Amino acid sequence: RGQRDSFSQPDISMLGLLPLLPVGLSATLTAASAPPPAAALRLGGSDKPTVWSEFGALAAENPGAVNLGQGFPDWSPPDFVVAEAHAALDQGFHQYTRPAGHPSLASVLASRYSRHLGREVDAMTEVAITVGASQALFLTLQALLDPGDEVILLEPAFDLYYGQIRLAGGTAVPVPLQLDEQESQWRLDADALDAAVGPRTKFIVLNSPHNPTGKVFSAGEMEAIAEVVRRHPRVLVISDEVYKYIVHGEEASHQHFAALPGMGERTVTISSAGKTFSITGWQVGWCVGPPALVQPIQRLLPFVQFCVSTPMQQALGRVLSLADEPYRGKPSYYSWLCDMYADKRATLAAGLEAAGMRPLQGEGGFFLMADTSAIEVPQRFLQHTTPAAPLMTRDWALCRMLALEAGVIAIPCSPFYSAANKKRGEHLVRFAFCKSDETLRAASARLEGFVAASRGR
């Protein structure tokens, strides 16, 4: 009907008469009869293969491969966590709850962050519960970013950030962390960060402990970032702290950025429970910050979903507090968690060293970055492009080689960089150590055996 109204004549494209019509009219009718694009323009490029789809497929096609790619634990949550989930269901928490957050969980978070930040946090106006930390970030950007605003990312950065910034109409501005080759340590370049701030800068995204490097920003680096923010009154901070309870470096400790002088009113702190309690499928995250920043997020929440799962929120409100109690001979579950991950990191690092790689320093989270410069990558892998990597990089080629010939899945570093900085990741590979000791030892043995065999050819 719309086509007939547009042209004041019936649609004759099905009659085979288009070739007899004038060229211009034929083209007009053809365009008019073609189906419109289904996806919004802002989703352009989102249908392309990614590092996750490619290496996920490699893992599926090679079921015997040891997967150190994606960051999810291969063990069950602690018993006390599962028990609280059952209890929430048994107690009848089955219906909708408050859109901005189940009151009991919001109250627990407000109490905990009041201690963390050294100020009173209001549960109703300064906390928003979301479907995981990814949604917390998404809603923060959607609620607070205007088209044309810029967001500074410290690279390498979790690749989700780039897409979410673009969907919110913003522009990502990368500032690379500097790798100290002598100490195998990542360092903040505060001067480069300050130079990247411009009139359109709205946010700096700070992720500590950091994915993919495992870096825990030092107190001095945190203060340097805060000083940059103080010099630029318009700039706000998103502090992504999903690994806050996984700090295992001997001299490292987590610092809440919003606790620094003057930063409380300019920071949205994001976190979640998935990494801490090995419950990535529960998908409960949160935002904490001043009302001026959090209430816009609260207003946006009902347009996305009415509420986060009520029983999961009810359970988590109990779990967060129970984890403060002694656990397996340690002062708390949180303390045990850090020690457990320190041991796992040491196990994997030793295996990577035996395979000729150089583990880089990392004090938190459950990813380990390794320098693979000493491993030769054959030309057949360097020259083989894929839909996700039409311009093959060395790190990507090496990870394909490890997957196909060593039976170990790892993630190349270059996807964590913007196009201009991808070369910085050409020798770096990310390994996840949130796996059983048996899995880590199996991966280490495979890598060592493969590299030794390759050098003997």
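Residues numbered from 1 in each chain as written. Predicted model: local features only at pLDDT ≥ 70, side-chain atom pairs only at ≥ 80, totals over all residues. Heavy atoms only, no water.

**Digging into the packing of helix H5 (residues 103-117) against helix H12 (residues 310-322)**
Their axes nearest at 8 Å, the elements H5 and H12 cross at an angle of 30°. Looking at the two axes, H5 sits roughly parallel to H12. The handedness of the crossing between H5 and H12 comes out as left-handed. Residues Ser104, Leu105, Val108, Leu109 and Arg112 of H5 pack against Gln313, Gln314, Leu316, Gly317, Leu320 and Ser321 of H12. Across the contact of H5 with H12, the residue classes tally to five nonpolar, five polar and one charged. (Axes fitted to C-alpha atoms, helices over the stretch in contact; angles between N-to-C directions. Helix = DSSP H or I, 4+ residues; strand = E, 2+ residues; numbered from the N terminus. Parallel < 35°, antiparallel > 145°, perpendicular 65-115°, else oblique. Left-handed = near helix turned anticlockwise from the far one by under 90°. Contact = heavy atoms within 4.5 Å. Nonpolar A, V, L, I, M, F, W, Y, C, P; charged D, E, K, R; others polar.)

**Topic: the sheet that holds strand E14 (residues 411-412)**
Read from one edge of the open sheet, four strands run E11-E12-E15-E14, paired in antiparallel fashion. This sheet does not close on itself; its edge strands, each paired only once, are strand E11 (358-359) and E14. Direction of pairing for E11 relative to strand E12 (residues 367-371): antiparallel, over a ladder of two bridges. Note on E12: the bridge partner recorded for arginine 358 is aspartate 371. (Pairing = 2+ DSSP bridges.)

**Let's talk about the side chain of serine 278**
Summarising the element assignment, serine 278 is placed in the loop between helix H10 (274-277) and strand E10 (285-288). Relative accessible area serves as the criterion here: at 10%, serine 278 is assigned to the buried category. Among the polar contacts listed, one links the side chain of serine 278 to the side chain of tryptophan 75, at a separation of 3.0 Å. Excluding residues that lie within four positions of it along the chain, serine 278 makes contacts with Pro73, Trp75 and Pro77. (Buried < 20%, exposed > 50% of the residue type's maximum accessible area, 1.4 Å probe, protein only. Polar contact = N/O pair within 3.5 Å; in protein donor to acceptor, adjacent residues only side chain to side chain.)

**A closer look at the packing of helix H15 (residues 394-406) against helix H16 (residues 437-456)**
Taken N-terminus to C-terminus, the directions of H15 and H16 make an angle of 100°; their axes are 11 Å apart at the nearest point. Between H15 and H16, the interaxial angle falls into the category roughly perpendicular. Touching Met401, Leu402, Glu405 and Ala406 of H15 are Arg446, Leu447 and Phe450, all from H16. Tallied by class, the residues present in the contact of H15 with H16 amount to five nonpolar, no polar and two charged.

**Comments concerning the pairing of strand E3 (residues 150-155)**
Both faces of the sheet carry side chains from a regular strand, because those side chains alternate between them. The buried fraction of E3 is high, at five of six residues. Considered for its hand, the β-α-β crossover made up of E3, helix H7 (residues 160-167) and strand E4 (residues 171-176) is right-handed. One ladder, built from four bridges, connects E3 with strand E7 (residues 201-207); its direction is parallel. Within E7, the residue paired with isoleucine 152 across the bridge is isoleucine 204. (Right-handed = clockwise from strand over helix to strand, strands pointing away.)

**Focus on the pattern of salt bridges**
Following the criterion strictly, the structure yields 20 salt bridges and no others. Between arginine 200 and aspartate 149 there is a salt bridge, with the nearest N and O atoms lying 3.2 Å from each other. Note that arginine 200 is positioned in the loop between helix H8 (190-196) and E7 and aspartate 149 in the loop between helix H6 (132-144) and E3, a separation of 51 residues in sequence. Here aspartate 194 ties to arginine 231 by a salt bridge, and the two come within 3.5 Å at their closest N and O atoms. Of this pair, aspartate 194 sits in helix H8 while arginine 231 sits in helix H9 (residues 219-231), placing them 37 residues apart in sequence. Look at arginine 231 and you get partly exposed, because its relative accessible area is 44%. (Salt bridge = Lys/Arg side-chain N within 4 Å of Asp/Glu carboxyl O.)

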